[in-house]
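Remarks on the overall topology
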Amino acid sequence: RARVTLAGLVAKKAGREPIVMVTAYDHPGAQIVEAAGVDIVLVGDSAAMTVLGYDSTVPVAVDEMLMLTKAVRRGLTTPLLVGDLPFGSYEASDELAIATALRFVKEAGCDLVKIERGGTTVERARALVQAGIPVVGHVGLTPQTATALGGYRAQGRTAEAALAVIDDAVALQEAGCSLLVVEAVPSEVTAAVVALLEIPVIGIGAGADADGQVLVFHDLLGLYDGGAARFVKRYAELRTAAVAGVEAYAAEVRGGVYPAAEHGYAMAEGEAARLQE
Ligand code: KIV
Ligand code: NA
């Protein structure tokens, strides 16, 4: 397979060929999504919840995200790699945003970085693009500021709220973003954004009108203990399979079934007898 490029994604949008994006957080995860042939891999700050056990994305640190992102980089060759700048690591100034983003590009090998919201983030996006760093915008439900949005709930459900999402989307494209993630909005809002924007629009809980879709690795594979959002579809039940596997191992150890002879090593010819002497 050929390496995915931004130009290739724009061509897919033009040809109405849906773009496939998924998250990954470690090396085996990266190898799995690489083998599955996805277009874009996001090391989402959803890692805070999926692999680090925090109860929101707010607390995760840049160094934690960098460690996970580097592990994913080592497992990918074909898809574009997007690093997700954590909450607090880019908002305060253009200088902060550039310094943080450069770590994801230079230390972790990201092709693009993602930042959340409109507002001041539009200026941060412009500064990053001017510094030569490709940017993914993220509007609609933005989990880093979910508390201010009234919790993890769909956005853009009134005409005014829909226009606010659409305005943010247009502003982020004008700031130079290469891609836009739209999360948890009605399909009418997605359709309007797709029609207005030349850059590819990747939806999550945003209906079928987006130029592509993104889902969280642990959600789509059923590797997550707890409830998932309405928009999640499970394509496997890996947690159930993993618990069953570890239970079977525990039962065999306790029952003296594992290890069997074939799992052990033999001494060299005649050496066991010499050991007895
Ligand atoms: O962190 C994440 O996984 C995300 C995607 C859901 C877009 O931002
Ligand atoms: Na995120």
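Note that the structure is predicted; figures quoted are calculated from it, not measured.

What follows concerns the pairing of strand β6 (residues 179-183). Burial within β6 is extensive, with 5 of its 5 residues counted as buried. With burial as the criterion, each face of β6 is covered, one bearing L179, V181 and E183 and the other bearing L180 and V182. Note that strand β5 (residues 135-140) and β6 share 5 bridges and pair parallel. Within β6, the residue paired with G137 across the bridge is L180. Chirality of the crossover, the property in question, places the unit of β5, helix α7 (residues 159-174) and β6 among those that are right-handed. For β6 and strand β7 (residues 201-204), the ladder comprises 4 bridges, and the chain directions are parallel. Counterpart to E183 in the pairing with β7 is I204. Since β6 and β7 lie parallel, the crossover through helix α8 (residues 187-196) that links them has a hand, and here it is right-handed.

Here we take up the domain arrangement of the protein chain. Split into domains, the protein chain comes out as domain 1 (6-236) and domain 2 (241-276). One C-alpha centre belongs to domain 1, the other to domain 2, and the line joining them spans 46 Å.

Two elements in contact, helix α4 (residues 62-73) and helix α5 (residues 94-107), have axes whose closest approach is 10 Å; the angle formed by their N-to-C orientations is 20 degrees. Accordingly, the angle class assigned to the pair α4 and α5 is roughly parallel. Crossing of α4 over α5 shows right-handed handedness. Within the contact between the two elements, α4 uses V62, L66 and T69 and α5 uses T100, R103, F104 and E107. Per-class residue counts for the contact of α4 with α5 are 3 nonpolar, 2 polar and 2 charged.

This part is about the confidence of the model for the protein chain. Averaged over every residue, the pLDDT of the protein chain is 97; residues scoring 70 or more account for 100%. Of all helices and strands in the protein chain, the one with the weakest mean pLDDT is helix α11 (residues 271-276) (94), whereas strand β2 (residues 40-43) scores best (99). Our summary of model confidence lists the complex with pTM equal to 0.96 and ipTM equal to 0.99.

The subject of this paragraph is the UniProt feature "active site" (unreviewed entry) in the protein chain. On the UniProt side, "active site" (unreviewed entry) is annotated at positions that read E183 here. Checked against the element boundaries, E183 lands in strand β6. Taking the C-beta count within 10 Å as the criterion, E183 has 23 such neighbours and is therefore assigned buried. In this view, E183 contacts H138, G140, L141, I204, G205 and A206; residues no more than four positions away in its chain are not counted.

Taken N-terminus to C-terminus, the directions of α5 and helix α6 (residues 120-130) make an angle of 55 degrees; their axes are 9 Å apart at the nearest point. By the angle between their axes, α5 is oblique relative to α6. For the pair α5 and α6, the sense of crossing is right-handed. Mapping the contact onto sequence places D94, A97, I98 and A101 in α5 and E123, R124, A127 and L128 in α6. By residue class, the composition of the contact of α5 with α6 is 5 nonpolar, no polar and 3 charged.

Basis of the calculations
Residues numbered from 1 in each chain as written. Chains lettered and ligands numbered in written order. Predicted model: local features only at pLDDT ≥ 70, side-chain atom pairs only at ≥ 80, totals over all residues. Buried ≥ 20, exposed ≤ 12 C-beta atoms within 10 Å, placed from the backbone. Helix = DSSP H or I, 4+ residues; strand = E, 2+ residues; numbered from the N terminus. Pairing = 2+ DSSP bridges. Right-handed = clockwise from strand over helix to strand, strands pointing away. Domains from an automatic or database assignment. Axes fitted to C-alpha atoms, helices over the stretch in contact; angles between N-to-C directions. Parallel < 35°, antiparallel > 145°, perpendicular 65-115°, else oblique. Left-handed = near helix turned anticlockwise from the far one by under 90°. Contact = placed C-beta atoms within 7 Å. Nonpolar A, V, L, I, M, F, W, Y, C, P; charged D, E, K, R; others polar. pLDDT = per-residue confidence, 0-100. UniProt positions renumbered as here; feature names shortened; annotations may be inferred.

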